[in-house]
Amino acid sequence: MPSLRRYGRALSGSQHVGDALAARARRRSKSEISDISAKTIRILLFCLLHKCWVGLTGPTLSEAAARQKMIGLTPNSRETLLLRAVEEFSFADIALILDRAKTEVEQLFEIALHEMPYSNGTRVLIVEDDPMVAMDMSACLSDMGCEVIGVARTAAQAIELAATSPPRLIIASLILADKSSGLTATQHITRNRPDIDVVFVTPYPEQLLTGTDKEPVFIIEKPYVDEQVRSAVSQALILSGS
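Now for a description of the structure that goes with this document. (Residues numbered from 1 in each chain as written. Predicted model: local features only at pLDDT ≥ 70, side-chain atom pairs only at ≥ 80, totals over all residues. Heavy atoms only, no water.)

## Regarding the overall build of the chain
Just so we agree on the cut-off: A helix here means a DSSP run of H or I that spans at least four residues, while a strand means a run of E at least two residues long, and both kinds are numbered starting from the N terminus. By definition, residues are in contact when any of their heavy atoms lie within 4.5 Å. A 1.4 Å probe and the Shrake-Rupley method give the accessible areas. Residues count as covered only by the protein chains that appear here.
In terms of regular secondary structure, the chain is built from 12 helices and five strands. Taking all contacts inside the chain whose residues are at least 6 apart in sequence as the whole, residues at least 24 apart take part in 67%. Accessible surface, the chain as shown: approximately 11100 Å² in total, 53% of it carbon and sulfur.

Right, here's the structure in full:
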C-alpha cells in the first residue's frame, strides 16, 4: 500500500485523492485477483489504480489538480514517467498496467522526459544533513534550471532560511542532523504558504505513506538517481502550474 499511495498522490497531486485511489484499488483487487492471476499482486494493484484514475469523475475530479494542469501533455506520459522513474517498473510491466504495447510505453517515457518543464529560476531550499547528498542534489537541481537558495541541516535552520528567503520548492530529508524532523520543518514553513511545493527524499518512505494525518504528496526513496529527482520536481511544478 505505501508505494500505491505514493503513485496515487503523485498522479493526482493530492494526498486525499491519491490515498482514496489506492484504497479503491485495494478493495477491487479482492474481487478481480482471480481474473489476473498470472500477474504479481503489485502489478494488479497498479492496474486497478490506473483504472480508478481514468474513471475518476464528479466533484472529486475537481479536487485533483492534475486533471486541469495536464492539458497539452501527451496522454499517459506522466503515468509512464512516474511508474518508470519513481516506482521503478519495467517497460513490460508498465505496458500491462496501462494496457499499452511495450514499444508505446517506451516512446511515452521519452516523450515525458522532453515534456518535463524547465524549472527556469525556481527557488529551491534543500533540507538535508548529509553534505554529499546536498551537493549532489544541488547540482541536479541547477541542471534543471532551479536556483538553490540554501541548504539547511536542521529544522530550525530550514525555518529560518525560508523566513528570510522564501523558496518556491523544498527538497527535504526526514531525519536531520540534530534528530529534528524535516516533516515538522516543512509543515511549519508551508502552514501559511500553500504555494510552496515539497518533495521528500528519504530511505524510509513508508513512514510518510501511512494514509493517516497530513503527509507529503511527492516522495522519492534514498538512494535515488537524478532521474527520480527530476521526475518528482517536474510533476510538482506541473501540478502547481509553475
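## A word on the sheet that holds strand 4 (residues 197–202)
Applied cut-off: We call two strands paired when DSSP finds no fewer than two bridges between them. The axes are straight lines fitted to the C-alpha atoms, using for helices just the contacting stretch, and the angles between their N-to-C directions are given from 0 to 180°.
Pairing within the open sheet is parallel, and its five strands lie in the order 2-1-3-4-5. Strand pairing shows two members of the sheet lacking a second neighbour, strand 2 (147–152) and strand 5 (218–221), which therefore form its edges. Shown here is a sheet whose adjacent strand axes are inclined to one another by a mean of 20°, direction ignored. The pairing of strand 3 (residues 169–172) with strand 4 spans four bridges and is classified as parallel. In the strand pairing of strand 4, Ala172 is matched with Phe200.

## What about the packing of helix 6 (residues 77–86) against helix 8 (residues 102–115)?
Our working rule: Any angle from 65 to 115 degrees is called roughly perpendicular, while one under 35 is roughly parallel, one over 145 is roughly antiparallel, and all others are oblique. Ten residue types, Ala, Val, Leu, Ile, Met, Phe, Trp, Tyr, Cys and Pro, are classed as nonpolar, four, Asp, Glu, Lys and Arg, as charged, and the remainder, Gly among them, as polar.
Between helix 6 and helix 8, whose axes approach to 8 Å, the crossing angle comes to 95°. Regarding the angle of helix 6 to helix 8, the classification is roughly perpendicular. On the side of helix 6, the interface is formed by Ser77, Thr80, Leu81 and Arg84, while helix 8 contributes Val105, Leu108, Phe109, Ala112, Leu113 and Glu115. Here the contact of helix 6 with helix 8 is composed, by residue class, of six nonpolar, two polar and two charged.

## Considerations on the nonpolar core
If you look at soluble globular proteins, the nonpolar side chains tend to sit buried side by side. For the record, the criterion: Residues enter a nonpolar core if they are buried and are Ala, Val, Leu, Ile, Met, Phe, Trp, Tyr or Cys, with the set joined through side-chain atoms within 4.5 Å. For every residue, the accessible area obtained with a 1.4 Å probe (protein chains only) is divided by the maximum for its type, and the residue is called buried under 20%, exposed over 50%, and partly exposed between those limits.
Grouped together as the largest cluster of nonpolar side chains are 57 residues, with contacts concentrated most on Leu141 and Ile171. Broken down by element, this core gets its largest block of residues, nine residues, from helix 3 (residues 41–54). Apart from the residues within four sequence positions on either side, Leu141 is in contact with Val124, Ile126, Cys146, Val148, Ile171, Val229 and Val233. The next biggest cluster of nonpolar side chains, apart from the first, holds 18 residues, and it includes Ala185, Phe200, Leu209 and Ile219.

## Considerations on the pattern of salt bridges
Where side chains of opposite charge bring their charged atoms close, a pairing between them can arise. For clarity, the threshold we go by: By salt bridge we mean one thing: a side-chain nitrogen of Lys or Arg within 4 Å of a carboxyl oxygen of Asp or Glu.
In this structure the tally under the stated criterion is 10 salt bridges. In this structure, Glu87 and Arg6 form a salt bridge, with 2.9 Å as the shortest nitrogen-oxygen distance. On the criterion of sequence distance, the pair formed by Glu87 in the loop between helix 6 and helix 7 (91–98) and Arg6 in helix 1 (residues 2–12) is long-range, its members being 81 residues apart. Glu87 sits in the buried class, given a relative accessible area of 4%. Taking the relative accessible area as the measure of exposure, Arg6 reaches 8% and is therefore buried. Each of Arg6, Arg42 and Glu87 takes part in salt bridges that share partners, so that together they form one network.

## Overview of the layout of surface pockets
Here the idea is plain: a probe the size of a water molecule rolls over the atoms and shows the empty space left. As a reminder, the rule being used: Here a cavity denotes a set of grid points, spaced 1 Å apart and computed over the protein atoms alone, in which a 1.4 Å probe fits but from which it cannot get out, and a pocket denotes an open set meeting protein on both sides within 12 Å along at least five of seven lines; residues with an atom within 4 Å of a point are reported as lining. Grid points are joined across faces, edges and corners, and a volume is the space filled by probe spheres set on the points.
Its volume calculated, the largest pocket comes out at about 510 Å³. Where the lining of the largest pocket is concerned, the elements lending two or more residues are helix 2 (15–32), helix 11 (182–190), strand 4 and helix 12 (226–240). Looking at which element gives the most residues to the lining of the largest pocket, the answer is helix 11, with four residues. Residue classes in the lining of the largest pocket are distributed as 11 nonpolar, eight polar and three charged.

## Things to note about the pairing of strand 1 (residues 123–127)
To be explicit about the condition: A right-handed crossover is one whose linking path, passing over the helix from the first strand to the second, runs clockwise when the strands point away from the viewer.
Within strand 1, four of the five residues are buried, which leaves it mostly tucked inside the rest of the structure. Handedness of the strand 1-helix 9 (residues 131–143)-strand 2 crossover: right-handed. In this structure, strand 1 lies alongside strand 3, joined through four bridges in parallel fashion. For Ile126, the partnering residue across the bridge sits in strand 3 and is Ile171.

## Some details on unusual backbone geometry
Here Lys222 and Pro223 are connected by a cis peptide whose omega angle stands at -5°. With respect to the helices, strands and loops of the structure, Pro223 is situated in the loop between strand 5 and helix 12. Despite not being glycine, Asp99 has its phi angle at roughly 60°, a positive value. For Asp99, the location among the structural elements is in the loop between helix 7 and helix 8. Residue Asp99 is classed as exposed on the basis of its relative accessible area of 66%. Although it is not a glycine, Asp213 adopts a positive phi angle of roughly 55°.

Everything listed is a geometric property; what it means functionally is a separate question.
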